[in-house]
Amino acid sequence: MDESPLPIITDTTGLGVGYRVLWRLKYLGLSIFGPAERRVDSSPRERIKWDRAMKVKAAHEAAGTQPDDQTLYTVSRLEPRRRPQ
């Protein structure tokens, strides 16, 4: 498994201004006050990057467009928390 950090995706399709501001604050808070470095699959910082990529991918699917390669790469790196029903 690739252990490099996930990228912060630049595509903001489907993400409102409020979400992006709160996401940055949460990411900054986790960077300063969060846990020590962890593996990619158990890091809360990496998880919120992945959650953001999933939201962008879902917005693209709803709009009928194709997400960029960076978004698809980020989504493919981690497993979902919940199993689809």
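Just so it is clear, the model here is predicted, and its values are computed rather than measured.

So, how was this worked out
- Residues numbered from 1 in each chain as written.
- Predicted model: local features only at pLDDT ≥ 70, side-chain atom pairs only at ≥ 80, totals over all residues.
- Heavy atoms only, no water.
- Helix = DSSP H or I, 4+ residues; strand = E, 2+ residues; numbered from the N terminus.
- Expected span 1.5 Å × (residues − 1).
- Contact = heavy atoms within 4.5 Å.
- Salt bridge = Lys/Arg side-chain N within 4 Å of Asp/Glu carboxyl O.
- Buried < 20%, exposed > 50% of the residue type's maximum accessible area, 1.4 Å probe, protein only.
- Core = buried A, V, L, I, M, F, W, Y, C linked by side-chain atoms within 4.5 Å.

**Q** Can you explain helix H1 (residues 17-33)? Please cite residues and give values.
**A** With 17 residues, H1 extends 24 Å from end C-alpha to end C-alpha; this agrees with the ideal 24 Å at 1.5 Å per step. Looking at the buried side of H1, the elements it contacts are helix H2 (44-63).

**Q** Can you break down the pattern of salt bridges residue by residue, with the values?
**A** Enumeration over the complete set of coordinates arrives at two salt bridges. Between Glu46 and Lys49 there is a salt bridge whose closest N-O contact spans 3.3 Å. Separated by three residues within a single helix, Glu46 and Lys49 lie in helix H2, roughly one turn from each other. Overall, Glu46 belongs to the buried group, its relative accessible area being 8%. Across the pair Glu61 and Lys57 runs a salt bridge whose closest N-O atoms are separated by 3.6 Å.

**Q** So what about the nonpolar core? Which residues, and what values?
**A** Within soluble globular proteins, side chains that are nonpolar generally end up buried alongside one another. Grouped together as the largest cluster of nonpolar side chains are five residues: Ile9, Leu15, Ala53, Val56 and Val75. In this view, Val75 contacts Trp50, Ala53, Met54 and Lys57; residues no more than four positions away in its chain are not counted.

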